[in-house]
Amino acid sequence: MNENNEAPFHSGFISIIGRPNVGKSTLLNRLVGEKIAAVSRKPQTTRNRIMGVSTTAHAQRIYVDTPGLHGAHTELNRYMVRQALESLKDVDLVLVLLDARSRELEREAMVWDASGAAGARVIVCPNKVDRVARVTLLPLIEAIARRTGVTEVVPISALTGENVDTLEKLIDGHLPEGPHYFPDDALTDQPERFIAAEFIREKVFILTNQEIPYSTAVVVEGFREEPNRGLVVIDAGILVERDSQKGIIIGRQGRMLKRIGTEARRDIERFLGVRVFLELRVRVEKNWTERAAAMRKLGYS
Ligand code: GDP
Ligand code: MG
């Protein structure tokens with residue numbers, strides 16, 4: 001580097017993978033510095049690939065959050081696994097997350113063995129270290145580092161941010177010289193309406209129980225900016241598979257739907273930086289998870 005600011009610029013694609021619920025979306029949001037991905041305690045919140053972009057004076061990192069790698073039982077699950085494996089191609093680096101509390105290292109290892117086999121450089125991050133005792137961490141790190149295909153091991157807490165700055169420095173070290181793929185202020189490749197749908201779906205996940213979350217899709221049918229009123233008007237449909245599910249999402253006297261709407265609206269307003277008027281409707285589309293046609297319509301293919 002010199003005073004003429006001629007340091008080479010580095011950029012590249014980083015895939016974030018790992019089993020459901022290990023904290024991939026939480027990490028993506030932290031790395032980007034803004035909430036762009038849906039997070040919840042229930043697995044499989046992330047259905048599509050979401051790219052998160054973070055740019056400094058020296059580097060642009062483009063993170064790809066992927067749905068979990070796990071058994072593919074339904075059409076939807078198979079789609080998610082395919083997306084996860086696809087994301088390993090053409091990336092500069094793979095971040096494999098695992099729950100530092102997990103005792104099933106062999107099962108976790110399948111994920112990074114697959115990544116290493118695909119020829120990728122792999123950083124393994126035992127996540128949620130805020131929940132484990134330090135003494136248990138060292139043997140875990142050693143056990144992971146011994147595996148072939150692992151380039152580095154970096155324990156982190158995506159939730160508290162612990163050690164995430166160290167991780168970012170390591171990431172930058174692996175990125176090749178490259179262009180600005182996105183504008184420097186970009187946070188994501190996703191259109192705003194997709195982010196809005198993700199926030200709504202997240203609230204359904206968090207606020208409802210049992211099979212409801214897995215039977216839900218959200219489609220944003222209208223997204224209208226009204227600059228004169230300083231407002232964005234969003235019309236969204238929540239699709240469920242059965243009438244009974246529709247009833248649960250609407251709730252007694254419409255209370256559940258109202259809560260979903262209020263909480264989602266707050267997130268969308270924070271993301272867009274403007275006031276939002278959110279209109280939600282619940283609709284029954286029978287067996288949509290099994291129907292490829294319906295999935296295509298929802299943008300999952
Ligand atoms: P994903 O399925 O891998 O995308 O996981 P999420 O990001 O949706 O996170 C799943 C759950 O784990 C959420 O309840 C998060 O708040 C929680 N979580 C994620 N990272 C951490 C962490 O570092 N520490 C703790 N204690 N919880 C975390
Ligand atoms: Mg996720």
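It should be emphasised that the depicted structure is a prediction, and the values quoted were computed from it without experimental measurement.

1. Section: the overall build of the chain
- Assigned secondary structure in the chain consists of nine helices and nine strands.
- In the chain, of all internal contacts separated by at least 6 residues, the share reaching a separation of at least 24 is 69%.
- Of the roughly 14,600 Å² of accessible surface on the chain, a fraction of 49% belongs to carbon and sulfur atoms.

2. Comments concerning the confidence of the model for the chain
- Per-residue confidence for the chain averages 81 on the pLDDT scale, and 77% of its residues sit at or above 70.
- Put simply, helix α9 (residues 292–297) is where the chain has its lowest mean pLDDT, 51, and helix α5 (residues 164–174) is where it has its highest, 96.

3. Topic: the sheet that holds strand β1 (residues 10–17)
- The strand order across the open sheet formed by six strands is β2-β3-β1-β4-β5-β6, and the pairing between neighbours is mixed. Either end of the sheet is taken by a strand with one partner, and the two such strands are β2 (50–55) and β6 (152–153).
- The sheet contact formed by strand β4 (residues 93–99) and strand β5 (residues 122–127) spans six bridges and is parallel. When the bridges of β5 are listed, Leu97 appears paired with Cys125.
- Each of β1, β2, β3 (59–65) and β4 is contacted by helix α1 (residues 24–32), which is oriented at about 30 degrees to β2, the strand it contacts most.

4. A closer look at the site of ligand 1
- For ligand 1, the set of nearby residues contains 17 residues, the closest of which are Asn21, Gly23, Lys24, Thr26 and Asp130.
- Within the backbone of Val22, one N or O atom sits 3.3 Å away from an oxygen atom of ligand 1.
- At 3.0 Å from an oxygen atom of ligand 1 is found a main-chain nitrogen or oxygen belonging to Gly23.
- Burial of ligand 1 by the surrounding chains reaches 91%, relative to a free accessible area of 580 Å².
- Among the elements that line the shell around ligand 1, the one with the most residues is α1, at three residues.

Calculation criteria
Residues numbered from 1 in each chain as written. Chains lettered and ligands numbered in written order. Predicted model: local features only at pLDDT ≥ 70, side-chain atom pairs only at ≥ 80, totals over all residues. Heavy atoms only, no water. Helix = DSSP H or I, 4+ residues; strand = E, 2+ residues; numbered from the N terminus. Contact = heavy atoms within 4.5 Å. Areas by Shrake-Rupley, 256 points an atom, 1.4 Å probe, with all protein chains shown as cover. pLDDT = per-residue confidence, 0-100. Pairing = 2+ DSSP bridges. Axes fitted to C-alpha atoms, helices over the stretch in contact; angles between N-to-C directions. Near = heavy atom within 4 Å. Polar contact = N/O pair within 3.5 Å; in protein donor to acceptor, adjacent residues only side chain to side chain.

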